[in-house]
Amino acid sequence: MLDFYRGKRVFITGHTGFKGSWLCVLLTLAGAEVTGFALPPPGEENLFSLSGVGERVRSVFGDVRDLAALKAAFDGARPEIVFHLAAQPIVRESYRDPVGTYSTNVMGTVHILECLRQSASVRSFLNVTTDKVYQNEQWPWGYRESDRLNGFDPYSNSKSCSELVTAGYRSSFFSGGPTAVSTARAGNVIGGGDFAADRIVPDCVRAARAGRPIQVRNPASVRPYQHVLDPLAAYLLIARRQYEDGALAGSYNVGPESGDCVTTGALADLFCRAWGEGARWEHTGDSGPHEAAVLRLDCSKLQSVLGWRPRWRVDRAVEETVAWTKAWLSGRSVPAFMEEQIREFFSEEKGCGLI
């Protein structure tokens, strides 16, 4: 799969973020010519800096809400493939700043699609949204791509709007044309180098490093957890396959097997077991804003249409996340360790261009 990207011109929004940094490393290993556009990475500890992405790609710092700046970087890159990852991605932050969340997640999508509409070079576009785009009925079964979009909170709802914007542009400007446009609705992603606030695994890492009990707000909440390399592999597959056959464009759920939709408490247990050193968690209760209790994805479309399967189960995902964190804390080379994990993940795929 990855050898397809050798020599391809790829444009990534949000390349300074957690998933964006991993994607940049993956694509540069595959031999792609990558241009990234995003805000500077936040905080002193961030994966963009640790992984050396700034030295691997052409990096342009800017805001997707600034159409002129985005278009200048986009036109300069003349991309063949575009991954749109730039977003305000935190539910609780969306309650604190709904205007910023909607302007980034909705108008940012409009702006990148405008760049796409005026481009003659792009063959494949993928907008990465979230599993939270669906109207959550607390069903015990997984949502399908045909289910109603209507996220509850400002973050989830803004991503639902991003889906609708993408669908509107696809039908208005790209139907039957040379540019294939898709969205990917991914589950909860974990992996080394995520330093975000209000996410369970980064919270676990911060507490374990400090020798404090991990504070778990909603231990009974069920989420589709997956290692970051699993959805990234799916994004690369979708972008490649629709590049080759535009009829495959559409919306795809990207999540783990049903058995890896676990409670937050179970995930915290896995983390404590992998971390060792007496790590433990405690239930603090939650006085914060609404978050869904149950969320599952049905990924049968991605599996049946494109033949995709997740590779690392949730216990392996947690173990690899802890291994990355301890390697970083011990002073090992972060870029080298990331490449090691990538090679291990893709080791069973022949002709991927990495082995």
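All values derive from a computational prediction rather than experimental measurement.

Scoring rules and cut-offs
Residues numbered from 1 in each chain as written. Predicted model: local features only at pLDDT ≥ 70, side-chain atom pairs only at ≥ 80, totals over all residues. Heavy atoms only, no water. Pairing = 2+ DSSP bridges. Helix = DSSP H or I, 4+ residues; strand = E, 2+ residues; numbered from the N terminus. Axes fitted to C-alpha atoms, helices over the stretch in contact; angles between N-to-C directions. Core = buried A, V, L, I, M, F, W, Y, C linked by side-chain atoms within 4.5 Å. Buried < 20%, exposed > 50% of the residue type's maximum accessible area, 1.4 Å probe, protein only. Contact = heavy atoms within 4.5 Å. Expected span 1.5 Å × (residues − 1). Polar contact = N/O pair within 3.5 Å; in protein donor to acceptor, adjacent residues only side chain to side chain. Salt bridge = Lys/Arg side-chain N within 4 Å of Asp/Glu carboxyl O.

A few words now on the sheet that holds strand S11 (residues 261-263). The strands making up a sheet associate through backbone hydrogen bonding, with each pair oriented either parallel or antiparallel. Taken together, three strands build an open sheet; the order of strands is S7-S9-S11 and the sheet is mixed. Each of the sheet's edge strands pairs with one partner strand only, and the pair in question is strand S7 (188-190) and S11. Across the sheet, the mean angle separating the axes of adjacent strands is 50° when strand polarity is ignored. Of the strand pairs in this sheet, strand S9 (residues 222-227) and S11 are connected by three bridges, and their pairing is antiparallel. Its bridge partner being in S11, Pro-224 is matched across the sheet by Cys-261.

With that settled, the discussion passes to the nonpolar core. Ranked by size, the top nonpolar core spans 56 residues in total, and within it Tyr-5, Val-10, Trp-22, Leu-27, Phe-83, Tyr-235 and Leu-236 carry the most contacts. Tallying contributions element by element places helix H9 (residues 229-244) first for this core, with ten residues. When sequence neighbours within four positions are dropped, the list of residues in contact with Leu-236 reads Met-1, Leu-2, Tyr-5, Leu-23, Leu-26, Leu-27 and Phe-83.

For helix H7 (residues 154-174), built from 21 residues, the straight-helix expectation of 30 Å at 1.5 Å per residue is met to within 8% by its first-to-last C-alpha distance of 28 Å. The N-cap residue of H7 is Asp-153: its side-chain oxygen and the backbone nitrogen of Tyr-155 are 3.1 Å apart.

With that settled, consider the pattern of salt bridges. On inspection of all chains with the given rule, the structure shows 21 salt bridges. With a closest N to O distance of 3.7 Å, Arg-316 and Glu-344 form a salt bridge. Taken together, the residues span a long stretch of sequence, with Arg-316 in helix H12 (residues 314-329) and Glu-344 in helix H13 (residues 334-345) at a distance of 28 residues. We classify Arg-316 as partly exposed; its relative accessible area is 26%. Its relative accessible area of 43% is what places Glu-344 among the partly exposed residues. Among the ionic contacts, a cluster of salt bridges with common partners joins Glu-93, Arg-96, Asp-198 and Arg-217.

A separate point is the side chain of Asn-157. Tracing the sequence through the fold places Asn-157 in helix H7. A polar side-chain atom of Asn-157 sits 3.4 Å from a polar atom in the side chain of Asn-150.

Turning our eyes to something else, we now look at the sheet that holds strand S5 (residues 124-128). Strands sit in the order S3-S2-S1-S4-S5-S6-S10 across an open sheet of seven strands; the sheet is parallel. The open sheet has two edge strands with one neighbour each: strand S3 (58-61) and strand S10 (251-254). Each strand of the sheet is rotated relative to its neighbour by a mean of 15°, with strand direction disregarded. Judged from the five bridges that link them, S5 and strand S6 (residues 180-186) form a sheet pairing that is parallel.

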